[in-house]
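Below, each chain spelled out in residue letters.
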Amino acid sequence: MQLASDKRALKMTLNVYNTLTRQKEEFKPLKDGKVGMYVCGMTVYDFCHMGHARVMVSFDVIVRYLRHIGYDVNYIRNITEIDDKIINRAAENGEPFNVLVDRMVEAMNEDFAKLNVLTPNQEPKATDHIDGIVNMVQTLIDKGFAYAASNGDVYYRVRKFEGYGKLSGKILEELESGARVDVTEEKEDPLDFVLWKSAKPGEPSWSSPWGDGRPGWHIECSVMSCNCLGNNFDIHGGGPDLKFPHHENEIAQSEAANGGDYANTWMHAGALRIDGEKMSKSLGNFFTIRDVLKEYDAEVIRFFLASVQYRSEINYSQEGLQDAQAKLDRLYNALKGTDFNLELDLTDSVLARFVADFKAAMDDDFNTPKAIAVMFELVTQINKAEGEEKNKLASLLKIFADVLGCLQTDPEEYFKQGVDVDEAYIQDM
Ligand code: ZN
């Protein structure tokens, strides 16, 4: 059920923080009632980690909310299956790159399904868009924004694009001092980045006007997003580390090749930290989704991730997950024994206040912690109410929970699972 099934809901103001303009803006899609949204997906060379889970759950809640307020969302999330990391890992494993890719895509789908992350409308793969990539690279060369080097690489001429740095706020002088050129590269300028890489022996490659090679990572997303959504679309999202250089380079490529604006609203999820530290293999605090699923119920992890506003940094800790577990127990407890699937009239005086507060929280750049606070006010009312009123309030709680992708298990089953864990624990003792 939607929070509002009529078009009036769309007239209420949704404010979204746009990384490009560095402020919250009233969200106005290009086409009434429709949203085109592209989120950079996984580079599939290993299992997804908790940082990925954070980004994917963030955008999942955003898509669910946009749909609940009545938007028809075309959600595109790509799969990067041709990249240095994949080629290197496949070589280490002694397997063809596509065998590694297939295995990791399957694992990714399993992990995301457990976390109740919706399947996107389309999941384009770079290798299905090679023609489009070659065309865009050629257009950039024709327009003077790119050049082919004698070794078969094609580079983007960063200084030629006036708006370079507008997303990340980086200025060319700063970038210049940090730029390094690899000995194998033949760049005119250290700032330039690769659009097409000539193939090394044994690497997967495709033919092109510049010889056999493969696309650079940035051009893949420029082409896939525009092929799926058109040259100018509503929302482009991704993880915190993608703002620069990946998204900056996407803008430079797409706007130079196509003319006009690329994505109107840029959204970036905040980082995930582990007990206040950066997650990294070298610090020994690196967790895949699979690691954490061994210890915690998938829904607890989902609720924990959804309970922090998507742009804020989230701190992963045992206490945080235990707190999420306790809160989820309270929410399920409120649903237990109620009929929570009633058709509701949301203008009903008992419900309207909660509907307005929940919507105000989510309309404020998807403020999930505030929205969850409204859900707990609702829980207090449910616990006090009886009969039909209790059922109505519980049904509203279920609608709110659907927006967060939580409370998807039958309450009786949920608590039974808990009992099973305790019994196993008791037996162990
Ligand atoms: Zn991307």
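Residues numbered from 1 in each chain as written. Predicted model: local features only at pLDDT ≥ 70, side-chain atom pairs only at ≥ 80, totals over all residues. Heavy atoms only, no water.

1. Overview of the overall build of the protein
Logical step 1: Per the secondary structure count, the protein includes 15 helices and 13 strands.
Logical step 2: Taken over C-alpha atoms, the radius of gyration comes to 24 Å for the protein, in line with the 22 Å a tight globule of 429 residues would show.
Logical step 3: Its C-alpha atoms give the protein principal-axis dimensions of about 80 × 55 × 35 Å.
Logical step 4: Partitioning the intrachain contacts of the protein with sequence separation of at least 6 by distance along the chain shows that 77% fall at a separation of at least 24.
Logical step 5: Within the structure as shown, the protein displays about 19200 Å² of accessible surface, and the carbon and sulfur contribution to it stands at 47%.
Logical step 6: The averaged location of the 70 negative side-chain charges in the protein is 3 Å from the averaged location of its 47 positive side-chain charges. (Helix = DSSP H or I, 4+ residues; strand = E, 2+ residues; numbered from the N terminus. Rg over C-alpha atoms; globule rule 2.2 N^0.38 Å. Contact = heavy atoms within 4.5 Å. Areas by Shrake-Rupley, 256 points an atom, 1.4 Å probe, with all protein chains shown as cover. Lys, Arg positive; Asp, Glu negative; His and termini not counted. Charge placed at Lys NZ, Arg CZ, Asp CG, Glu CD.)

2. Considering the pairing of strand S7 (residues 193–198)
Logical step 1: Alignment of strand S6 (residues 154–156) against S7, held across 3 bridges, turns out to be antiparallel. Paired with Tyr156 across the bridge in S7 is Phe193.
Logical step 2: With 3 bridges connecting them, S7 and strand S8 (residues 213–215) associate as antiparallel partners. Residue pairing across strands places Trp196 opposite Pro215, the latter belonging to S8. (Pairing = 2+ DSSP bridges.)

3. Overview of the coordination of the zinc ion
Logical step 1: Those protein atoms acting as donors to the zinc ion are Cys40 (SG), Cys221 (SG) and His246 (NE2), and they sit at 2.1 Å.
Logical step 2: Every donor residue of the zinc ion comes from the same chain, spaced as C-x180-C-x24-H. One end of the pair, Cys40, is in the loop between strand S3 (34–39) and helix H2 (50–68); the other, Cys221, is in helix H7 (residues 217–229), with 181 residues separating them in the sequence.
Logical step 3: With relative accessibility at 0%, the residue Cys221 sits in the buried group. (Donors = N, O, S within 2.8 Å, 3.2 Å for Na, K, Ca; no water. Buried < 20%, exposed > 50% of the residue type's maximum accessible area, 1.4 Å probe, protein only.)

4. Thoughts on the packing of aromatic side chains
Logical step 1: Overall, the coordinates contain 14 aromatic pairs when judged by the stated rule.
Logical step 2: Taking 6.3 Å as the distance between ring centres and 80° as the angle between the ring planes, the aromatic pair formed by Phe304 and Tyr316 counts as edge-to-face. Taken together, the residues Phe304 in helix H10 (residues 298–306) and Tyr316 in strand S13 (residues 314–316) connect sequence positions 12 residues apart. Taken individually, Phe304 and Tyr316 each receive the classification buried, so the pair is uniform in this respect.
Logical step 3: The interplanar angle of 70° and the centroid separation of 6.1 Å between the aromatic rings of Tyr310 and Phe366 together place this pair among those described as edge-to-face. Here the residue Tyr310 occupies a position in the loop between H10 and S13, and Phe366 occupies one in the loop between helix H12 (349–363) and helix H13 (368–384), the gap between them amounting to 56 residues. For the pair formed by Tyr310 and Phe366, the shared burial category is buried.
Logical step 4: An aromatic cluster is present here, built from Tyr65, Tyr310 and Phe366 joined pairwise through their rings.
Logical step 5: Positioned above the aromatic ring of Phe286, the side-chain terminus of Lys281 is 4.6 Å from the ring centre.
Logical step 6: Here the basic side chain of Arg311 rests over the ring of Tyr17, its NZ or CZ set 3.9 Å away from the ring centre. (Phe/Tyr/Trp six-rings, centres within 6.5 Å; stacked < 30°, edge-to-face > 60°. Lys NZ or Arg CZ within 6 Å of the ring centre and 35° of its normal.)

5. Describing the pattern of salt bridges
Logical step 1: For the coordinates displayed, the defined rule picks out 28 salt bridges.
Logical step 2: Between Asp323 and Lys327 there is a salt bridge whose closest N-O contact spans 3.1 Å. Here the residue Asp323 and the residue Lys327 both occupy positions in helix H11 (residues 318–335), the gap between them amounting to 4 residues, near one helical turn.
Logical step 3: Judged by its relative accessible area of 38%, Asp323 falls in the partly exposed class.
Logical step 4: A relative accessible area of 32% places Lys327 in the partly exposed class.
Logical step 5: Among the ionic contacts, a cluster of salt bridges with common partners joins Asp46, Arg89, Glu92 and Lys281. (Salt bridge = Lys/Arg side-chain N within 4 Å of Asp/Glu carboxyl O.)

6. Here's the deal with unusual backbone geometry
Logical step 1: The omega angle of the peptide bond from Phe244 to Pro245 is 0°, so this bond is cis rather than trans.
Logical step 2: Of note, Pro245 is situated in helix H8 (residues 243–258).
Logical step 3: Even without being glycine, Asn116 reaches a positive phi, approximately 60°.
Logical step 4: Look at Phe366: it is not a glycine, yet its phi comes out positive at around 55°.
Logical step 5: Looking at Phe366, the relative accessible area reads 3%, which means it is buried.

7. Here's the deal with the sheet that holds S3
Logical step 1: What the 4 strands build is an open sheet, ordered S4-S3-S9-S10; its pairing is parallel. Each having just a single partner strand, strand S4 (72–77) and strand S10 (263–268) make up the two edges of the open sheet. Strand-to-strand twist across the sheet, computed as the mean angle between neighbouring axes with direction ignored, equals 20°.
Logical step 2: With 5 bridges joining them, strand S9 (residues 233–238) and S10 adopt parallel strand pairing. Within the sheet, the bridge partner assigned to His236 lies in S10 and is Trp266.
Logical step 3: Together, S3, S4 and S9 form the strand contacts of H7, whose direction differs from that of S3 by roughly 160°. (Axes fitted to C-alpha atoms, helices over the stretch in contact; angles between N-to-C directions.)

8. Observations regarding the side chain of Asn391
Logical step 1: Positionally, Asn391 belongs in helix H14 (residues 387–404).
Logical step 2: Residue classification places Asn391 among the buried positions, given a relative accessible area of 15%.
Logical step 3: Within the local environment of Asn391, its side chain forms a polar contact with the backbone nitrogen of Asp339, the two atoms lying 2.9 Å apart.
Logical step 4: If sequence neighbours within four positions are ignored, Asn391 has contacts with Thr338, Asp339, Phe340 and Leu342. (Polar contact = N/O pair within 3.5 Å; in protein donor to acceptor, adjacent residues only side chain to side chain.)

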